[in-house]
Amino acid sequence: MNSLLAYDYETTGVDPVRDRPVQFACLRLDMELNVIGRPTTLYCRPSPDHLPDPLACVQTGITPQRCQEVGLPELQFVEAVHRELAAPGTIAFGYNSIAFDDEITRFMFWRNLMDPYAREWKDGCGRWDLLGLVRATYALRPETLEWPRDEQGEVSLGLERISAANGLPHEPAHDALSDVVATVALARRIRERQPQLFAHCFSMLDKNLALQEMDVASKAPFIHIDRGSAQAAGIRIMMPLAPHPTNRNEVVAWDLSKDPRQLLDIDAETMRKRLFTSSEERPEGFEPMPIRCIAANKSPAVFRNLGVLSRERAAELGIDLGAALANMPVMLGVLETVDLPRLLQVVFDRDPAECDPEEALYAGFLGNADRRLLDQLRSMDPATLATLKPGFLDPRLDELFLRYKARHFPATLSQREEDKWEEHRFRKLIEGIAGSRTVAMVREAAARCRQSLAASSAPADPAKFQLLDDVLAYTNGVAAVIDPFGTVPQPPEPATPADLAAPAPQPAPVQPDLFGGADVTPGKRRVRPRRP
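A brief report on the enclosed structure follows. (Residues numbered from 1 in each chain as written. Predicted model: local features only at pLDDT ≥ 70, side-chain atom pairs only at ≥ 80, totals over all residues. Heavy atoms only, no water.)

### A closer look at the overall build of the chain
No. 1: Counting secondary structure elements, the chain contains 20 helices and 10 strands.
No. 2: With respect to the principal axes defined by its C-alpha atoms, the chain has extents near 100 × 60 × 55 Å.
No. 3: By sequence separation, contacts in the chain at least 24 residues apart represent 68% of the contacts at least 6 residues apart.
No. 4: Carbon and sulfur atoms make up 52% of the accessible area of the chain, which totals about 27400 Å².
No. 5: Side chains of the chain carry 62 positive and 75 negative charges; the gap between the two charge centres is 2 Å. (Helix = DSSP H or I, 4+ residues; strand = E, 2+ residues; numbered from the N terminus. Contact = heavy atoms within 4.5 Å. Areas by Shrake-Rupley, 256 points an atom, 1.4 Å probe, with all protein chains shown as cover. Lys, Arg positive; Asp, Glu negative; His and termini not counted. Charge placed at Lys NZ, Arg CZ, Asp CG, Glu CD.)

The following block contains the structure:
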């Protein structure tokens with residue numbers, strides 16, 4: 001029997017690959033969105049090789065000290081989360097959960113030697129994302145809800161703003177359980193007012209149904225709603241071109257608002273640049289390739305029935321459906337001339353970038369032998385782990401296993417392993433290898449955040465300054481252990497709200513020279529910098 005599990009994380013930052021969960025909350029529901037279980041909230045103790053973003057701590061109000069006090073050790077936290085998400089028949093969902101929370105889960109399972117994918121499909125489980133439904137609701141049925149706007153006047157789909165605009169419970173924001181409650185309330189509101197739209201978007205958690213909406217064989221056009229132009233509410237009229245050459249769960253599709261004839265004389269390198277150049281690196285006049293890879297296993301908001309977009313709404317959004325459909329025969333002609341599958345094979349055949357083993361989850365699936373070995377390792381007692389030399393086939397796993405032991409069973413490390421672990425911590429938290437967050441970065445971020453709070457027109461909130469002090473104290477404590485010789489200098493003592501409000505100190509008074517010379521100012525006392 002299926003059940004729904006609304007869930008959410010609060011984390012140490014906004015990078016789902018590198019950041020870590022500090023809080024997890026969930027609420028189990030039946031398929032009618034009625035609560036059938038007690039809410040669960042868990043905290044996770046900080047990892048000794050990771051530092052939080054001070055801004056994330058200010059937003060959530062959760063410090064490393066708080067997690068250290070009330071949190072579970074990471075291994076117990078991971079197992080508790082897994083029990084909730086992997087209970088037979090569980091369909092887990094959240095708000096932007098597939099892009100963020102599910103990634104946090106996958107990488108957390110990966111570095112703790114657990115299967116990162118099984119809970120998404122095994123024993124009748126699945127995953128969904130309410131954000132896709134909300135995007136579709138705004139795009140196709142905007143009368144359903146009140147839509148708040150941000151500071152730039154654009155429609156905002158932030159959960160906190162939508163909750164406030166529609167009178168839904170959401171107090172306090174940036175608390176995992178509060179976000180879960182708000183997510184459930186929003187799902188109920190849309191289901192009540194747009195049951196057919198809700199049912200269709202929810203059915204897209206079945207990737208086979210999603211693939212039917214994007215039928216490559218028939219080349220039938222479909223609507224895809226995702227992030228994109230605010231003017232068009234993220235709506236694109238797409239034509240499926242081919243299965244993705246390396247990912248069987250994705251469909252390569254063309255945006256029919258663009259002329260297909262640009263494919264006639266394009267080479268693989270040009271297409272690769274137009275597809276993969278990041279927005280920050282695009283020169284002026286850069287035109288990205290109007291190709292999108294849509295993942296059927298990520299609950300996409302796709303509609304083969306073009307009638308879901310009314311003429312009135314299309315006109316309001318400036319979408320010319322007729323012009324888009326007129327490009328269909330043009331594209332069919334192009335496909336007769338261009339060997340598109342071969343071109344896509346070359347375009348997507350890229351060497352994977354080298355990265356830290358903990359970030360290399362998507363560098364390839366593990367073989368069955370390694371998977372069985374990891375499952376055995378997780379059930380072993382520390383004494384056995386201390387003497388075991390597993391023969392992994394995948395080169396990522398040796399380092400993963402060492403760090404697993406170092407975090408959870410440090411007494412099992414040999415002297416050589418302990419040296420490697422400490423070297424890893426130094427290179428990551430002091431040197432910043434592979435773009436990791438360092439002690440210096442945390443200190444600089446805390447200083448910027450402090451300046452921003454001080455410059456705000458809102459009344460000073462001492463609690464936020466205290467949060468920053470706590471993050472700095474934790475960071476300095478870590479630095480004192482892994483960098484005892486002060487590779488990273490200690491910054492000046494942070495100013496408090498009282499310091500910021502106080503007048504600037506006056507210079508020391510000029511004292512007379514008692515031996516009859518000119519007046520002089522006392523020399524400054526030299527003070528050695530205090531070690532963290």
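Additional details are given in the paragraphs that follow.
### Some thoughts on the packing of helix α5 (residues 130-140) against helix α7 (residues 176-193)
No. 1: At their nearest, the axes of α5 and α7 sit 11 Å apart, and the two run at 40° to each other. By the angle between their axes, α5 is oblique relative to α7. Considering the relative orientation of α5 and α7, their crossing is left-handed. Residue-level contacts link L130, L133, V134 and T137 of α5 to T183, L186, A187 and I190 of α7.
No. 2: Split into classes, the residues belonging to the contact of α5 with α7 amount to 6 nonpolar, 2 polar and no charged. (Axes fitted to C-alpha atoms, helices over the stretch in contact; angles between N-to-C directions. Parallel < 35°, antiparallel > 145°, perpendicular 65-115°, else oblique. Left-handed = near helix turned anticlockwise from the far one by under 90°. Nonpolar A, V, L, I, M, F, W, Y, C, P; charged D, E, K, R; others polar.)

### What about the environment of A6?
No. 1: Take A6: it is sitting in strand β1 (residues 3-11).
No. 2: Setting aside chain neighbours within four positions, we find A6 in contact with A25, C26, L27, F93, V180 and V184.

### Examining the pairing of strand β2 (residues 21-29)
No. 1: The element β2 is extensively covered by neighbouring structure, given that 9 of its 9 residues are classed as buried.
No. 2: Judged from the 8 bridges that link them, β1 and β2 form a sheet pairing that is antiparallel. When the bridges of β2 are listed, Y7 appears paired with C26.
No. 3: As paired strands, β2 and strand β3 (residues 40-43) are joined by 4 bridges and run antiparallel to one another. Bridge assignment links Q23 to a residue of β3, and that residue is Y43. (Buried < 20%, exposed > 50% of the residue type's maximum accessible area, 1.4 Å probe, protein only. Pairing = 2+ DSSP bridges.)

### Here's the deal with the nonpolar core
As a rule of thumb, nonpolar side chains are buried together in soluble globular proteins.
No. 1: Counting residues in hydrophobic clusters, the biggest one holds 72 residues, and the most contacted among them are L186, I235, M271 and F303.
No. 2: Once you skip the residues sitting within four places of it in the chain, M271 turns out to touch L263, I266, M289, I291, L343, L344 and V347.
No. 3: Residues C26, F100, I104 and M114 belong to the second largest nonpolar core, which totals 18 residues. (Core = buried A, V, L, I, M, F, W, Y, C linked by side-chain atoms within 4.5 Å.)

### Considerations on the sheet that holds strand β10 (residues 301-303)
No. 1: Strand order in this open sheet of 5 strands is β9-β8-β7-β6-β10, and the pairing throughout is antiparallel. Every interior strand has two partners, whereas the edge strands, β9 (291-295) and β10, have only one. Going across the sheet, the axis of each strand differs from the next one's by a mean of 40°, ignoring polarity.
No. 2: Of the strand pairs in this sheet, strand β6 (residues 222-225) and strand β7 (residues 235-243) are connected by 4 bridges, and their pairing is antiparallel. Looking across to β7, one finds that F222 is bridged to M238.

### Things to note about the packing of helix α16 (residues 397-408) against helix α17 (residues 415-431)
No. 1: The geometry of α16 relative to α17 is characterised by a closest axis approach of 10 Å and an angle of 95° between their N-to-C directions. Judged by the inter-axis angle, α16 sits roughly perpendicular to α17. Together, E399, L402, R403, K405, A406 and R407 of α16 and E417, K420, W421 and H424 of α17 make up the contact between the two elements.
No. 2: Residue composition of the contact of α16 with α17, grouped by class: 3 nonpolar, 1 polar and 6 charged.

### Topic: the pattern of salt bridges
No. 1: A full pass over the atoms with the stated rule returns 33 salt bridges.
No. 2: Its salt-bridge partner being R106, residue E103 comes within 3.6 Å of it at the nearest N-O pair. A residue pair is termed a helical-turn pair when its members lie 3 or 4 positions apart in one helix, as E103 and R106 do in helix α4 (residues 97-111) at 3 residues.
No. 3: E103 sits in the buried class, given a relative accessible area of 10%.
No. 4: As a salt-bridge pair, D469 and R450 come within 2.8 Å of each other at their nearest N and O atoms. Here D469 is found in helix α19 (residues 462-482), whereas its partner R450 is found in helix α18 (residues 439-455), with 19 residues between them in sequence.
No. 5: On the accessibility criterion, D469 (23% relative accessible area) is partly exposed. (Salt bridge = Lys/Arg side-chain N within 4 Å of Asp/Glu carboxyl O.)

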